[in-house]
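Take a look at the letters that make up each chain.
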Amino acid sequence: MVTKQQRFLFNVVNYLILYDFAAENMTNQNVVVASDRKSSNIGLKITVTLTNSTLFSGADSKALPAPGGGFITISRKNILRKPTDTTDQGGNKINAWVNSLRASSPTRLKSSIAFSPQTEEQTSWIARHPSALSKFEEIVNASKGKKIVMFLDYDGTLAPIVEDPDRAFMTNEMREAVRDVARYFPTAIVTGRCRDKVFSFVKLAGLYYAGSHGMDIEGPSKKRRYKKGNHGVLCQPASEFLPMINEVYQTLLEKTKSIPGAKVENNKFCLSVHFRCVDENSWGTLAEQVRVVLDKYPKLTLTQGRMVLEIRPTIKWDKGKALEFLLEALGYANSKDVVPVYIGDDRTDEDAFKVLRNRGQGFGILVSKTPKETHASYSLQEPSEVKDFLRRLVQWKRLSLRQV
């Protein structure tokens, strides 16, 4: 028997199968870089892309001024997202999407596992991804004599996942922990949220903010007073898509207003369609509304996060690319003396975990109470443990400075 979840995901997959990702006219990938010497001193994701789409052939590159001087070269061939082959049978796709939906909705599982004995699967998973708190000494010992750079997701990492995304507030204790970490280590917030929105939550001026899944990066500015602005923008690789994103946002607002609980969030260079509060009987309707709108925009792609559909430009840019960009901007692109630490809870954070794995450098820490496939090395269960980890990191750094 086909479940409601399967019907919803079947509609989404059908849309993706019919979707034409041809983008032969995609040109002028702009990256905006602002040089600021002071700033540099701060101490179910499934993308289905058809094989008949036009491949991007441009390989032009630009030399861009970096914070603190020098240049960063970003090749267009590294930003344009190339189509990938998808040959799974329909049934396999449906099962994959159902499993992804379940994995993206841990709140539905919490009550059934919170008080159950640890299973063999959980024991095995924890052995492969041990707690970053229990292995804290192992982490800091590997970091001695090196520069730690912190990368933090927001929702589900610094703040709990909530039904209303506009009320995803972090606690004052967490804010203090992040502020203290940023005093000792370069620190970036890397989120799918709009950069200005997450700044209004965090309210700390001494950080890097990478919004829209890393497509909108801004450096620290002591002059900023929690207001919208354009201070020290480092990177906006999807700037040409802004008019299109705004157009789709307005259309989706109109199309989905008849579905109770649906919420469309404009994250500047990407959109989020939240269905956490939508009755399951309406999931298929919501998916159809999104499909109808995106049929007219082949340069946008659809992915899934935790009870949210994400609409993004079809460029090869994600949280992993943002991590690499920031390391290069800080002067650590080829350094052996840097330890990037990335903490996140979502599928989109896996792109950053993969980068760390491929570099053979740094540590990915997944925030999750349930076992799931991940490229992270360590785990933490919830934001309160993230706060404890950050506090211990600050204590360790303070102690090490006293001993010098």
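Data block above holds the structure.
Attention here is on the structure that accompanies the text. (Residues numbered from 1 in each chain as written. Predicted model: local features only at pLDDT ≥ 70, side-chain atom pairs only at ≥ 80, totals over all residues. Heavy atoms only, no water.)

1. Quick word on the side chain of Thr-191
Examined against the element boundaries, Thr-191 turns out to sit in the loop between β4 (187-190) and α7 (195-202). Of the residues examined, Thr-191 reaches a relative accessible area of 1% and is grouped as buried. Here Thr-191 is in contact with Asp-153, Tyr-154, Asp-155, Val-198, Ala-210, Gly-211, Ser-212, His-213, Gly-214 and Lys-319, once residues within four sequence places are set aside. (Helix = DSSP H or I, 4+ residues; strand = E, 2+ residues; numbered from the N terminus. Buried < 20%, exposed > 50% of the residue type's maximum accessible area, 1.4 Å probe, protein only. Contact = heavy atoms within 4.5 Å.)

2. So, α7
In terms of burial, α7 is a largely internal element, 6 of the 8 residues being buried. Backbone geometry just downstream of α7 places Lys-203 in the positive-phi region, at approximately 60°.

3. Describing the sheet that holds strand β11 (residues 308-313)
Overall, antiparallel pairing links the 4 strands, which are arranged β8-β9-β11-β10 in an open sheet. Because the sheet does not close on itself, it has two edges, and the strands there are β8 (263-266) and β10 (300-305). The average angle at which neighbouring strand axes cross in this sheet is 20°, direction not considered. As defined by bridge partners, β10 adjoins β11 across 6 bridges and the pair is classed as antiparallel. Opposite Thr-301, over in β11, you have Arg-312 as the bridge partner. (Pairing = 2+ DSSP bridges. Axes fitted to C-alpha atoms, helices over the stretch in contact; angles between N-to-C directions.)

4. Points about the packing of helix α6 (residues 172-184) against helix α12 (residues 383-402)
Each pair of packed helices can be summarised by the angle the axes make with each other and by the distance between the axes. Interhelical geometry of α6 versus α12 gives an angle of 35° and a closest axis separation of 9 Å. For α6 against α12, the interelement crossing comes out left-handed. Contacts between α6 and α12 involve Glu-173, Met-174, Ala-177, Val-178, Asp-180, Val-181 and Tyr-184 from the former and Pro-383, Val-386, Lys-387, Leu-390, Arg-391, Val-394, Lys-397, Arg-398 and Leu-401 from the latter. For the contact of α6 with α12, the residue count by class is 10 nonpolar, no polar and 6 charged. (Left-handed = near helix turned anticlockwise from the far one by under 90°. Nonpolar A, V, L, I, M, F, W, Y, C, P; charged D, E, K, R; others polar.)

5. Overview of the nonpolar core
Counting 54 residues, the largest nonpolar core has Phe-151, Leu-252 and Ile-311 as the members making the most contacts within it. With 6 residues, helix α10 (residues 319-329) is the largest single contributor of residues to this core. Those residues in contact with Phe-151 that lie beyond four places of it in its chain are Ala-188, Val-190, Leu-323, Leu-326, Leu-327, Pro-340, Val-341, Tyr-342 and Ile-343. (Core = buried A, V, L, I, M, F, W, Y, C linked by side-chain atoms within 4.5 Å.)

6. Structural notes on the pattern of salt bridges
Counted according to the given criterion, the structure contains 16 salt bridges. Close ionic contact of Arg-195 with Glu-218 constitutes a salt bridge, the shortest N to O distance being 3.3 Å. Of this pair, Arg-195 sits in helix α7 while Glu-218 sits in strand β6 (residues 216-218); the two residues are 23 residues apart in sequence, bridging distant segments of the chain. Three or more residues joined by partner-sharing salt bridges are found here, namely Arg-195, Asp-196, Asp-216, Glu-218 and Lys-268. (Salt bridge = Lys/Arg side-chain N within 4 Å of Asp/Glu carboxyl O.)

7. Quick notes on the pairing of strand β5 (residues 208-211)
On β5, burial covers both faces: Tyr-208 and Ala-210 on one face and Tyr-209 and Gly-211 on the other are all buried. By the bridge criterion, 3 bridges tie β4 to β5 in an arrangement that is parallel. Within β5, the position partnered with Ala-188 by the bridge is Tyr-208. In this view, the connection linking β4 to its parallel neighbour β5 by way of α7 has right-handed handedness. Taken together, β5 and the strand that follows it, β6, pair antiparallel across an intervening segment of 4 residues, in which Ser-212 is found at a positive phi of about 55°. (Right-handed = clockwise from strand over helix to strand, strands pointing away.)

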